[in-house]
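The chain contents come next:
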Amino acid sequence: MQLAPRHRTVAAAVLLACAAAFVLVALSQWLFGIGLDPRDDTLRRAAGIGFTDDARGTLFSIVPVALPALAALLAPDTRPGRVIGRLTRLLYVAYLVIGVLLMFSAARYGFDDARQLAEEGQVFIDTRTAVERLVLDAVWLTLAGVGLFLSRRRGDRERSSTTEEQDEA
């Protein structure tokens, strides 16, 4: 069963909106999710230690990585589909920027054992755990980079096919 281009556009837009919501909520949780504890700051939230640590789980999950790719694949080759493709690339770039900032903030906190010991009285995230999180975050960012690359390739094919059609006419 084939979906009409209009239905494909609507479905792709919904998928893209859901993925954008995940990215925006993760950004909000990381930057503005300050709890009542005065020790709660962006570095601790990025590292995911016991305060309001949902940002990592929200951003580095399958939904914000896979939904834009599905939206780009589902979008028709018409003008609304090309707009969806551009928005997909924009969302992946936002994901990558926020993800890199979150990853390096977490690593900065995790590699600073002396600060954790001085401020918290104990080390919550040791160097080994910080390296493991850094590697896993890099994997998620690589997957998002692959999604960005594939969505760019599709946009290049669309552009080349429309110029070939115009040349034939």
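Notes on the structure follow.

The rules behind these values
Residues numbered from 1 in each chain as written. Predicted model: local features only at pLDDT ≥ 70, side-chain atom pairs only at ≥ 80, totals over all residues. Heavy atoms only, no water. Helix = DSSP H or I, 4+ residues; strand = E, 2+ residues; numbered from the N terminus. Expected span 1.5 Å × (residues − 1). Buried < 20%, exposed > 50% of the residue type's maximum accessible area, 1.4 Å probe, protein only. Salt bridge = Lys/Arg side-chain N within 4 Å of Asp/Glu carboxyl O. Patch = residues over 30% accessible without salt bridge, like charges linked within 9 Å, V, L, I, M, F, W, Y side chains within 5 Å. Areas by Shrake-Rupley, 256 points an atom, 1.4 Å probe, with all protein chains shown as cover. Core = buried A, V, L, I, M, F, W, Y, C linked by side-chain atoms within 4.5 Å. Contact = heavy atoms within 4.5 Å. Axes fitted to C-alpha atoms, helices over the stretch in contact; angles between N-to-C directions. Parallel < 35°, antiparallel > 145°, perpendicular 65-115°, else oblique. Left-handed = near helix turned anticlockwise from the far one by under 90°. Polar contact = N/O pair within 3.5 Å; in protein donor to acceptor, adjacent residues only side chain to side chain. Nonpolar A, V, L, I, M, F, W, Y, C, P; charged D, E, K, R; others polar.

## Side note on helix 4 (residues 62–74)
Spanning 13 residues, helix 4 covers 18 Å between terminal C-alpha atoms, matching the ideal 18 Å at 1.5 Å per step. Among all positions in helix 4, only P64, V65, L67, P68, A71 and A72 are buried.

## A closer look at the environment of V146
Secondary-structure assignment places V146 in helix 7 (residues 127–168). Along the backbone, V146 and A69 are 77 residues apart, and their C-alpha atoms lie at a distance of 9.5 Å.

## A word on the pattern of salt bridges
The final tally for this structure, using the stated rule, is one salt bridge. Its salt-bridge partner being E132, residue R128 comes within 2.8 Å of it at the nearest N-O pair. Remark: E132 and R128 occur in helix 7; sequence separation between them is four residues, near one turn of the helix.

## Points about a nonpolar patch on the surface
Side chains of F111, V131, V135, V139 and L143 sit close together on the surface and give an oily, nonpolar patch of about 410 Å² of accessible area. Turning to its location among the elements, F111 is positioned in the loop between helix 5 (79–110) and helix 6 (113–120). F111 sits in the partly exposed class, given a relative accessible area of 41%.

## A short note on the nonpolar core
Formed by 24 residues in total, the largest nonpolar core has its most connected members in V23, L59, F60, I84, Y95 and L141. Elements with a minimum of two residues in this core: helix 1 (5–32), helix 3 (55–59), helix 4, helix 5 and helix 7. With eight residues, helix 5 is the single largest residue contributor to this core. Excluding residues within four positions of it along the chain, L59 makes contact with V23, A26, P64, Y95, I98, G99 and L102.

## Notes on the packing of helix 1 against helix 4
For the pair helix 1 and helix 4, interaxial distance at closest approach is 8 Å and the crossing angle is 160°. Between helix 1 and helix 4, the angle is such that the two are roughly antiparallel. The way helix 1 lies across helix 4 gives a crossing that is left-handed. Mapping the contact onto sequence places R8, A11, A12, L15, L16, C18, A19, F22 and V23 in helix 1 and V63, P64, L67, P68, L70, A71, L73 and L74 in helix 4.

## Some thoughts on the side chain of S105
Examined against the element boundaries, S105 turns out to sit in helix 5. Only 2.8 Å separates the side chain of S105 from the backbone oxygen of L101, close enough to count as a polar contact.

## Side note on the packing of helix 4 against helix 5
It is the contact of helix 4 with helix 5, at a shortest axis distance of 9 Å, that shows an interaxial angle of 165°. For the element pair helix 4 / helix 5, the angle class is roughly antiparallel. Between helix 4 and helix 5 the crossing geometry is left-handed. Between helix 4 and helix 5, the contacting residues are P64, V65, P68, A69, A71 and A72 on the first element and I84, T88, L91, Y92 and Y95 on the second. Residue composition of the contact of helix 4 with helix 5, by class: ten nonpolar, one polar and no charged.

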